[in-house]
Every structure is written in structure tokens, then in C-alpha cells.
Amino acid sequence: MSPVLVLVGPPGSGKTTVGKRLADKLGVSFRDTDVDIAEAAGSPIPDIFVDHGEEHFRSLEREAVAAALSEHDGVLALGGGAVLAESTRALLADADVAFLSVELSAAVARVGLGAGRPLLAMNPRATMKVLLDQRKPLYREVADVTVDTDDRTPDEVVSELAQWLGGPAVVTVGSASQSYDVVIGADATVALVDQLTGARRAAILYSAPMAEHATRVAAFIADVVEPVAIEVPDAEAGKTIEVAARCWDRLGEAGFTRTDVIIGIGGGAVTDLAGFVAACWLRGVDVIQLPTSVLGMVDAAVGGKTGVNTGGGKNLVGAFHPPRSVLCDLSILDTLPRVDRAAGLAEVIKCGFIADPKILDIIEADPKAALDPSSPQLAELVRRAIAVKAEVVTEDLTEAGRRAFLNYGHTFAHAIEKVERYERRHGEAVSIGMMFAAVLGRMTGRVDLVERTRAILESVGLPTGYVDGRFDDLAAAMRLDKKNTGHTQRFVLLDDLVAPALVDDVTVEQQAAAYREITT
Ligand SMILES: NC(=O)c1ccc[n+]([C@@H]2O[C@H](COP(=O)([O-])OP(=O)(O)OC[C@H]3O[C@@H](n4cnc5c(N)ncnc54)[C@H](O)[C@@H]3O)[C@@H](O)[C@H]2O)c1
Ligand SMILES: O=C(O)C(=O)C[C@@H](O)[C@H](O)[C@H](O)COP(=O)(O)O
């Protein structure tokens, strides 16, 4: 766990005011290490200075900062002198840190007579000058971003910080030479050109709704590679072996070699197809994924699972084929219909239940913001869900073990999708599938998360019930689930919040009873 953002800066820079407002805007909590120290010591900071001296205070501060950095996942403000400690500066190297800068006169005016600030009790202007001269280089050393607070309102500072947090972030999947980056931010696509080194041609796979964007990307890379545009049918209609075969024909016509690259631009259906086409062409060429839906960004384009649907079931034919990189340009989400944003949130919520409960807190605090493509909340949710997936996939690329937890809710979801001939959004099916799994979890004596699951899914407009009379078909589809082994059916259920387990003793009667409970 680490803070969303750590604020450093001198007294009067506005760390507390800005920190509280930023935390509110992001839907996270605020913590201040000075408050922690005073609470733990049972006396105000000036008294600690007077009774025990500054050295003693600094040692309490080092401990408080180390604890908060490992425990807190909201916005964290540090005392002005915290950066004096070398050990604290070393810890801050792993955190996102913002330095709120302020010039001498503004700092003195804001601090006034220095009430509550022992070092400024005497001659505040002269003392503040010494503090600023001594500490400014240290603030700069630890900061990832510096925000000038002179002549600006706290809200203006908050906006700049929120914007910076929405800027490119990089999550690495895998380790050493097997790793790749997921770049997340408003301008992530700019990184594409650097990713094309060594390629002569780039085949761009896209479907009609993303045609304009694909044309822009083709023009953007035309100086470095020859773009080969391949339009495929939209959504699940494109995820078939026939469409893949047509793409391979086009690659053959274009003389596509092993050093050429495929680019997938679209939702999860297109990135799954693009990855599969790349995995098989010449037994494997590189694919760069440019997901354009929430679901594509947080899930489908990350992790190297590629594939198509067949008459037998969802994603039954495919390959593990990690991408060269994944570039998530958040600004592209502006045109994504609201229903598809909600569908993507189903996979985000899944990550909340299996690994990162902060995701649930953020959505529960403000479901509307979670659906808003320009909100800092959605940017934060995308980053968190990608971090969950990256962590799991890094440990278990081929689903030999823990990766199966990412399939929470998917046994029933994939059955729905098959029974409905792939005409329902995947995220909606996952939403219903998580209700089914939550009911099974409670029924089998595990944790009861049924109402929390229902409430959070419905808060973003996702379905939580299903139609009656289809259990036999669904049960038959679930018997073909990829997690099953031999005669054993396996479900991912939650022993507790963020404690998923692979369970192999769920009876058909329990499945039927869970189905009845979610049948509307
Ligand atoms: N490989 C994996 O690990 C993995 C993980 C999760 C899901 N998936 C797969 O992903 C697919 C679902 O992905 P999805 O929810 O993105 O659905 P989708 O790919 O069908 O996209 C939904 C719709 O949104 C459109 N769209 C996408 N981005 C847009 C944008 N920026 N503006 C306007 N329209 C846009 C698409 O063209 C499509 O019409 C399923 O096939 C699912 O099986 C794969
Ligand atoms: O990446 C994984 O592993 C997942 O299970 C992620 C799922 O959210 C995703 O829907 C995936 O496509 C399902 O994989 P499948 O192997 O069950 O088809």
C-alpha cells in the first residue's frame, strides 16, 4: 500500500488545506503526520519541542512518516522538516511526491505569528528564510512534481495536482527481459512511435467506431513505418476464427515479416483479436495494444490472454501472447458510451473484491464520478485495476495458479455470453456472474458479500439479476469452463473480502439454488 500522493513543503505552503481538498476530490482519505505524532505523544507539537527538544521530535517524525507511507493509501501531508531525515528521503523515492512551493513573503503572511509552529515562534521572517534556504533543495530532491502556490487559491493548486495525477503513469508487467510497460495517461499514444523501432510495417486492427482514431494513429506513425489498416467487425462479431483468418490473408498480401508489428486499437474484443492474430502469424509477431474502452485498458489489453470465441464457448481458442506494450490514452474514453463505461467498471469492481478494496471505497463514495471519463476518480480506478492485474499476471502468466482469481464471476458470465450468442456486453455478464459467485460464497459458508456486491454494481447501472428458465443451458456451458479439470468443476469464490479461493466442491444443487436467487 502507498499513498496516492505525498505533499511536502514549508510551513504556509498549504499542505493541510490542499491535501484535504485533494483527498475529497479524489474520494480518498487525508492523513497528516504532524497529527499522528501529536496523537501518539498525547501532547501538541510545541509541547514536545519544549519538553523533549527538536531531536526527540525528529525521531518521532521519522517513525510516523515511515508508518504512514506503508499504511496510508490516500493523500498524505508531511511536516515541513520531515525531509531533513535521509532515511525519510530514501523512503520517499518510491512514492509520488508533490512539493508545494511558496516564496518567503507569502509563506510568512500565511503563517502569521506561527501559532502551533515552534520553530517560527520567534522572528518568523528571519527563521522562515533560513528554513526555506535549507530545505528547498531537499523538497526538490524528493519531489516528482513541483506546484507553485504563490498567488493561487487552494482550489487552483488542487486542480493542478489532480491533473498531474491523471498524467502518464507506467505499470510494468512481468520481470526482467519478459516485461512490458502499461502507460496510462491523457497522452499515452505519443509513446507509440518509440515502440516501433525495428519494424517496417505496422498492421492496425480496428473496428468501425474507432475508424477516425485509427486513421489519426496511422498518420502519426507514417513517418516511421508503413501502416496497413485492417478494419474488422465490431465487438464480439470480430472475435471469430473467420475474421482472424481474413486478417492473416491481409498480412500475407502486405508481405508482413517477423519484425513487423500489429497494433490493436479498440475495446477488449479488438485487442483480444489483434493479440491472437499476432500470436499465430509466423508463430508470433509483436503486438502493441492501444485499448480505447475502460474494460480494454484495465483488463483485456493487459496480461497477454488473447483469443476468439467458438461455437463451444467464450475464448475457447487462444494463446498467451504478452504485448510489446500497452498504451492507455484516457482522453479517448470521452467518446465511449456510458453503458460501455459501466461494463468496464464491472472488471474494476472485480479487482476491488479480489484484491484492492480501496477500489470499492472510491466507487461507493461517488458512483457518478466513477462513470465520468474526465474524473480523477476514473483515472485512479483505471490505475488501481491495472496494478491488480499486473501484479497477478507478473506472478502467474499462464494461469497455473493465482491468475484464476481474475476469473471471479466469469464462470457464470461466460455461460451467459455463450447462451446469449455473444450479444450481451462482457462486463454486464461479469456483473451478473459476480452476483452468482457472491450468492454461492454465502451459501457455501463463506463471507456474505451479496448485498455489498448488489449495491455497488447497481450504483453504476450494472445488472444484478438474470432471467428464469435457462439453468440447464447455463450449467452445460459452465461444464466447459477453462478452469475445470477432468471431471472437477472449479469456481472462484471469496473466503473473505480480498481473499479469493479456487473451490472444487460446489454442487449442481448449490448452483441451481444460487441461480434461483438471482433470477428476477
Ligand atoms: N484478454 C483478456 O484478458 C480479457 C479480459 C477481459 C475481457 N476480455 C474481452 O474483452 C471484450 C470486452 O471488451 P469491451 O468491454 O471493451 O467491449 P468491446 O470491445 O465490444 O467494445 C464495446 C463497444 O465500444 C466501442 N468502443 C470502444 N472504445 C470506444 C471509444 N473510445 N469510443 C467509442 N466507442 C468505443 C467498441 O467499438 C464496441 O462497439 C470481451 O470479448 C471479453 O471477452 C478479454
Ligand atoms: O486475465 C485473466 O486471467 C482473466 O481471467 C481476466 C478476465 O477478466 C477476462 O475476462 C479474461 O478474458 C477471461 O479469461 P478466460 O481464460 O476465462 O477466457
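Cut-offs used in this document
- Residues numbered from 1 in each chain as written.
- Chains lettered and ligands numbered in written order.
- Predicted model: local features only at pLDDT ≥ 70, side-chain atom pairs only at ≥ 80, totals over all residues.
- Heavy atoms only, no water.
- Near = heavy atom within 4 Å.
- Polar contact = N/O pair within 3.5 Å; in protein donor to acceptor, adjacent residues only side chain to side chain.
- Areas by Shrake-Rupley, 256 points an atom, 1.4 Å probe, with all protein chains shown as cover.
- Helix = DSSP H or I, 4+ residues; strand = E, 2+ residues; numbered from the N terminus.
- Nonpolar A, V, L, I, M, F, W, Y, C, P; charged D, E, K, R; others polar.
- Disulfide = S-S within 2.5 Å.
- Buried < 20%, exposed > 50% of the residue type's maximum accessible area, 1.4 Å probe, protein only.
- Pairing = 2+ DSSP bridges.
- Axes fitted to C-alpha atoms, helices over the stretch in contact; angles between N-to-C directions.
- Contact = heavy atoms within 4.5 Å.
- Core = buried A, V, L, I, M, F, W, Y, C linked by side-chain atoms within 4.5 Å.
- Phe/Tyr/Trp six-rings, centres within 6.5 Å; stacked < 30°, edge-to-face > 60°.

(A) Looking closely at the site of ligand 1. Around ligand 1, the structure places 27 residues, and the nearest of them are D234, E236, T292, S293 and T335. Measuring from an oxygen atom of ligand 1, one finds a backbone N or O atom of G268 at 2.8 Å. L336 places a polar main-chain atom, nitrogen or oxygen, 3.4 Å from a nitrogen atom of ligand 1. Expressed as a share of its isolated accessible area of 860 Å², the protein-covered part of ligand 1 is 90%. Those elements that place two or more of their residues in the shell around ligand 1 are α11 (268-280), α12 (294-300), β13 (313-320) and α13 (338-354). Here the residues of the shell around ligand 1 are counted per class, giving 9 nonpolar, 8 polar and 10 charged.

(B) Fine view of the state of the cysteines. Under the criterion given, the structure shown has 0 disulfides. Here C280 stays unpaired: no disulfide links it, and the sulfur of C247, its closest cysteine neighbor, is 11 Å away. Distance from the sulfur of C351, which forms no disulfide, to the nearest cysteine sulfur (C328) is 13 Å.

(C) Structural detail: the pairing of strand β7 (residues 180-185). Of all 6 residues in β7, 5 are buried, a share of seventy percent or more. Relative to β7, strand β6 (residues 169-173) runs antiparallel, the two sharing 5 bridges. The residue of β7 that forms the bridge with A169 is I184. Counted between consecutive antiparallel strands, the loop separating β6 from β7 contains 6 residues, among which G174 sits at a positive phi close to 85°. Where β7 lies against strand β14 (residues 325-329), 5 bridges are found, and the strand directions are parallel. Considered in β14, the bridge of V183 is made with L327.

(D) Quick look at the sheet that holds strand β1 (residues 5-8). Spatially, β2-β3-β1-β4-β5 is the arrangement adopted by the 5 strands of the open sheet, whose pairing is parallel. Each end of this open sheet is capped by a strand with a single partner; those strands are β2 (30-32) and β5 (145-148). Taking the axes of each pair of neighbouring strands and ignoring which way they run, one obtains an average angle of 25° across the sheet. Two elements, β2 and strand β3 (residues 75-77), share 3 bridges in a ladder whose sense is parallel. Of the residues in β3, the one forming a bridge with R31 is L76. Against the sheet, helix α1 (residues 15-26) contacts β1, β2, β3 and β4 (97-101), and its axis sits at roughly 155° relative to β2. On top of the sheet, helix α4 (residues 54-71) reaches β1, β2 and β3; it is set at about 165° to β2, its chief contact.

(E) Representation of the nonpolar core. Counting residues in each nonpolar core, the largest one holds 117 residues, and the members touching the most others are L161, V182, I263 and F412. Those residues in contact with F412 that sit more than four places away from it in its chain are I432, G433, F436, Y466, L474, M478, Y515 and I518. A203, V243, L273 and V308 belong to the second-largest nonpolar core, a separate cluster that totals 22 residues.

(F) Spatial organisation of the site of ligand 2. In the neighbourhood of ligand 2, 13 residues make up the surrounding shell, with D299, K305, K389, R403 and K482 lying closest. D299 is positioned such that a nitrogen or oxygen atom in its side chain is 2.6 Å from an oxygen atom of ligand 2. K482 is positioned with one of its side-chain polar atoms (N or O) 2.8 Å from an oxygen atom of ligand 2. Out of a free accessible area of 420 Å², ligand 2 has 92% covered by protein chains.

(G) Structural view of the packing of aromatic side chains. Using the criterion set out here, one finds 8 aromatic pairs in the structure. Pairing F49 with F57 gives two aromatic rings, centres 4.9 Å apart and planes at 40°, and the pair type is tilted. The burial state of F49 is the same as that of F57; both residues are buried. Plain terms: the ring middles of F471 and Y515 are 5.5 Å apart, the flat faces sit at 45° to each other, and that makes the pair tilted. Highlighted residues: F471 in helix α20 (residues 471-478) and Y515 in helix α21 (residues 508-518), separated in sequence by 44 residues. In this structure an aromatic cluster arises from ring pairing among F412, F436, Y466, F471, F491 and Y515.

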